[in-house]
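Single-letter residue listing:
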Amino acid sequence: MADEIQNAGAPAGGAPGGERRGRGGPGGPGGGRGRGPGGGNDRDRGRGRRDGNNPAEAGGEELVEKLVHINRVSKTVKGGKRFGFAALVVVGDAKGRVGFGHGKAREVPEAIQKATAAAKKAMIRVPLRDGRTLHHDGYGHFGAGKVYVRSAAQGTGIIAGGPMRAVFEALGVADVVTKSVGTNNPYNMIRATFASLVEQTSPKAVAQRRGKKIADLMARRGDVSARVAEADAEAVA
């Protein structure tokens, strides 16, 4: 009789033990460090939802990367010479955003990677007219570098050399006339070019700042009607 009672109580005592092991296991209800069913799987699914909410992070943004300059430097040490590389990269989306970055490393690919990452973090937005040229002329300088930029008619092309051409190609400008005076240092030329681009403003921004209508700023000497001028300004903005 005692044996029957003992055998009958074994499944009853084993079931709670197995149930506790199921709850403590990673696959059981409440398992892992997560509180919901599936434990850590909820946390992973939540992370996936957060990533899916950001299309730029999920699909990636198409950027134009231009390698402007690579400089090799050497340091003399006790055992000989130690070489390093410095890269200057311009990054843009060809739709009005552009940035430049500088990176240094022992190897060229690593230096380019650092410069590209720095350029993506320092991108600026420049308003474009008709998506092809600048709104107005500009001037920028940095150190000994002086840069003049001018808007151009359609079909002019990018009249710029060296580092400045890379900036406008990454920016998405198709027609522009530029002139660099004072230095041919690529770092100074790039910084002077960005100094001129930062000063670019659109008619819509100027109208809002001055409290006027866009048509009053766009219409000149009666050559353009108010309706056409306002339509052009809205399209540019």
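An unreviewed UniProt entry annotates the protein chain as Small ribosomal subunit protein uS5 of Sandarakinorhabdus fusca.

**Student:** Run through the overall build of the protein chain, naming residues and quoting values.
**Tutor:** From N to C terminus, the protein chain includes nine helices and eight strands. Here the protein chain holds 237 residues, and 32% of them are scored as buried. The contacts of the protein chain with a sequence gap of at least 6 include a subset with a gap of at least 24, amounting to 50%. Total accessible area on the protein chain is roughly 15,000 Å²; 50% of this is exposed by carbon and sulfur atoms.

**Student:** So what's going on with the pattern of salt bridges? Which residues, and what values?
**Tutor:** For the structure shown, the criterion picks out six salt bridges. Among the ionic pairs, Asp 175 bridges to Arg 132, the shortest N-O distance being 3.1 Å. One end of the pair, Asp 175, is in the loop between helix 5 (163-171) and strand 8 (176-181); the other, Arg 132, is in the loop between strand 4 (124-125) and strand 5 (138-142), and 43 residues separate them in sequence. The exposure class of Asp 175 is buried, given its relative accessible area of 4%. The exposure class assigned to Arg 132 is buried, which follows from its relative accessible area of 15%. Between Arg 165 and Glu 169 there is a salt bridge whose closest N-O contact spans 3.8 Å. Placement of both Arg 165 and Glu 169 in helix 5 is noted, with a separation of four residues, approximately one turn of the helix.

**Student:** Summarise helix 7 (residues 203-210); cite the residues concerned and give the values.
**Tutor:** Among the residues of helix 7, those classed as buried are Pro 203, Val 206 and Ala 207. Projection of helix 7 onto a plane perpendicular to its axis shows the buried side chains occupying an angular sector of 100 degrees, all on one side. Opposite its buried face, helix 7 presents the exposed residues Gln 208 and Arg 209, each directed more than 90 degrees away.

**Student:** Kindly report on the side chain of Asp 93, identifying the contributing residues and their values.
**Tutor:** Turning to its location among the elements, Asp 93 is positioned in the loop between strand 2 (80-92) and strand 3 (97-105). Although Asp 93 is buried, it forms no salt bridge, and the closest oppositely charged side chain is Arg 97 at an N-O distance of 4.3 Å. From its side chain, Asp 93 meets the backbone nitrogen of Lys 95 in a polar contact 3.0 Å long. At 3.0 Å, the side chain of Asp 93 and the backbone nitrogen of Arg 97 are in polar contact. Once you skip the residues sitting within four places of it in the chain, Asp 93 turns out to touch Glu 61, Glu 62, Leu 63, Met 123 and Ala 170.

**Student:** I'd like a description of the sheet that holds strand 4, backed by residues and values.
**Tutor:** In spatial order, the strands read 1-2-3-4; together these four strands make up an open sheet with antiparallel pairing. Two strands in the sheet have a free side with no partner beyond their single neighbour: strand 1 (64-77) and strand 4. Alignment of strand 1 against strand 2, held across 13 bridges, turns out to be antiparallel. Bridge pairing links Val 64 to Gly 92 in strand 2. Sheet strands touched by helix 6 (residues 186-198): strand 1, strand 2, strand 3 and strand 4. Its angle to strand 3, the strand with the most contacts, is close to 155 degrees.

**Student:** If you had to explain helix 5 to someone new, which residues and values would you point to?
**Tutor:** Of all nine residues in helix 5, seven are buried, a share of seventy percent or more. If you check which residues of helix 5 are buried, you get Pro 163, Met 164, Ala 166, Val 167, Phe 168, Ala 170 and Leu 171. Immediately beyond the C-terminal end of helix 5, within one or two residues, lies Gly 172, with a positive phi of roughly 100 degrees.

**Student:** For the packing of aromatic side chains, give the residues involved together with the corresponding values.
**Tutor:** In total, this model carries two aromatic pairs according to the counting rule given. Look at Phe 100 and Phe 194: their rings are 4.9 Å apart centre to centre, the planes differ by 55 degrees, and that puts the pair in the tilted class. Of the two residues, Phe 100 is situated in strand 3 and Phe 194 in helix 6; the sequence distance between them amounts to 94 residues. When its relative accessible area of 6% is taken as the criterion, Phe 194 is described as buried.

What counts, and at which threshold
- Residues numbered from 1 in each chain as written.
- Predicted model: local features only at pLDDT ≥ 70, side-chain atom pairs only at ≥ 80, totals over all residues.
- Heavy atoms only, no water.
- Helix = DSSP H or I, 4+ residues; strand = E, 2+ residues; numbered from the N terminus.
- Buried < 20%, exposed > 50% of the residue type's maximum accessible area, 1.4 Å probe, protein only.
- Contact = heavy atoms within 4.5 Å.
- Areas by Shrake-Rupley, 256 points an atom, 1.4 Å probe, with all protein chains shown as cover.
- Salt bridge = Lys/Arg side-chain N within 4 Å of Asp/Glu carboxyl O.
- Arc of directions from axis to C-beta.
- Lys, Arg positive; Asp, Glu negative; His and termini not counted.
- Polar contact = N/O pair within 3.5 Å; in protein donor to acceptor, adjacent residues only side chain to side chain.
- Pairing = 2+ DSSP bridges.
- Axes fitted to C-alpha atoms, helices over the stretch in contact; angles between N-to-C directions.
- Phe/Tyr/Trp six-rings, centres within 6.5 Å; stacked < 30°, edge-to-face > 60°.

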